[in-house]
Amino acid sequence: LICPNLLAKLCSQFLLKFMTCAIAVYFSGRIKIYEIIEDTMAIDFKVVDKGAVNFRKAYMSVLLPDTFPAFLLSSSQNFTSSASKLLYSIDPYGDTLLSNDDLKNIQQLCEQICKIFANVQNYSIYDELKRYNIKVNDLMVFANSMQCLISFAFMNDKDVWAVGD
């Protein structure tokens, strides 16, 4: 097991490697990923204790801006359709407990995002990003942040909730 200090440090280094608009912070036994992505409506993925009903005491939180699911779904030739459909189908006003299979699918999607933008071979994907007004850096922050969040949840036997506005 990785101690929380080390995990926060690894997440911070990983995120800062790709951009400066996210940071992982460890405080009082909790890790929080802070992102600076402005959006009108979004879904927060939160890691909480199993059976928790209060999402204010989340160990980690990652923001999913409202434009990302539609972009991923429209670019299905590049990304796993099951995870893209899952993100698109999450109720933006409700709360959804994600299963381990859901988390594994999202983790695979995030790995695909990182792989695609590390070695772009199909430049039409940039046209899609532009159409949805998404910056590559913001998408990478999301993908890397979600990978950290999911790994933390699995390693510490925690639940992940998608919490709408």
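A quick note: this is a predicted structure, and the numbers were derived from the prediction, not measured.

Chemist: Help me get a handle on the side chain of K158, residues and values and all.
Modeler: Note that K158 resides in the loop between α6 (136-155) and β6 (159-163). Looking at K158, its side chain comes within polar contact range of the side chain of D49, at 2.6 Å. Leaving out residues up to four positions away in the same chain, K158 has contacts with V47, V48, D49, K50, Y59 and A153.

Chemist: Let's hear about the confidence of the model for the protein chain: which residues, and what values?
Modeler: Per-residue pLDDT for the protein chain averages 80, and the proportion of residues at 70 or more is 75%. Every residue in residues 15-28 scores below 50 in pLDDT, and together they form 41 contacts with partners more than four places removed in sequence or on other chains. Segment residues 34-40: pLDDT under 50, and 19 contacts once partners within four positions in sequence are set aside and those in other chains are kept.

Chemist: Describe the nonpolar core, and please don't skip the residues or the numbers.
Modeler: Grouped together as the largest cluster of nonpolar side chains are 39 residues, with contacts concentrated most on F45, I106, I113, F117, M146 and L149. Within the residue set of this core, elements represented by two or more residues are β3 (42-48), β4 (60-65), α2 (67-74), α3 (81-89), α4 (100-118), α5 (124-131), α6 and β6. In terms of residues, this core owes the most to one element, α6, which gives 10 residues. Non-local contacts of F117, meaning those with residues more than four positions away in its chain, are made with F79, I125, Y126, L129, V136, L139 and M140. Among the nonpolar cores identified, the runner-up in size contains 5 residues, and V48, F55, A58 and W161 belong to it.

Chemist: Give me the lowdown on the pairing of β4, citing residues and values where you can.
Modeler: Within a regular strand, the side chains alternate between the two sheet faces. Counting buried positions along β4 gives 6 out of 6 residues, so the element sits mostly inside the fold. With 6 bridges joining them, β3 and β4 adopt antiparallel strand pairing. Bridging across to β4, I43 finds its partner in L64.

Chemist: Before we move on, could you go through unusual backbone geometry and cite the residues and values that matter?
Modeler: Here N133, not a glycine, exhibits a phi torsion of approximately 55°, which is positive. Considering the arrangement of structural elements, one finds N133 in the loop between α5 and α6. Located in the positive-phi region is D157, a residue other than glycine, with phi close to 50°. Mapped onto the fold, D157 is located in the loop between α6 and β6. Classification of D157 by relative accessible area gives exposed; the value is 53%.

Quick notes on the rules
Residue positions within a chain follow its written sequence, with the count starting from 1. Restriction of local features to residues with pLDDT of at least 70 applies here, the model being predicted, together with a cutoff of 80 or more for giving and counting side-chain atom pairs; totals for whole chains, interfaces and linings are based on all residues. The side-chain numbers reported here are obtained from all heavy atoms of the structure, hydrogens and water having been left aside. The secondary structure listing takes helices from DSSP runs of H or I that are at least 4 residues long and strands from runs of E that are at least 2 residues long, numbered from the N terminus. Pairing of N or O atoms within 3.5 Å defines a polar contact, subject to two protein rules: one partner must be a possible hydrogen donor and the other a possible acceptor, and residues neighboring in sequence count only if both atoms are side-chain atoms. For this analysis, residues touch if any pair of their heavy atoms sits within 4.5 Å. Think of pLDDT as the predictor's per-residue confidence, scored from 0 to 100. To form a nonpolar core, buried Ala, Val, Leu, Ile, Met, Phe, Trp, Tyr and Cys residues must be joined to one another through side-chain atoms within 4.5 Å. With a 1.4 Å probe rolled over the protein chains alone, any residue whose accessible area is under 20% of its type maximum counts as buried; one over 50% counts as exposed, and the rest are partly exposed. DSSP-based pairing: two strands are paired if at least 2 bridges between them are found.

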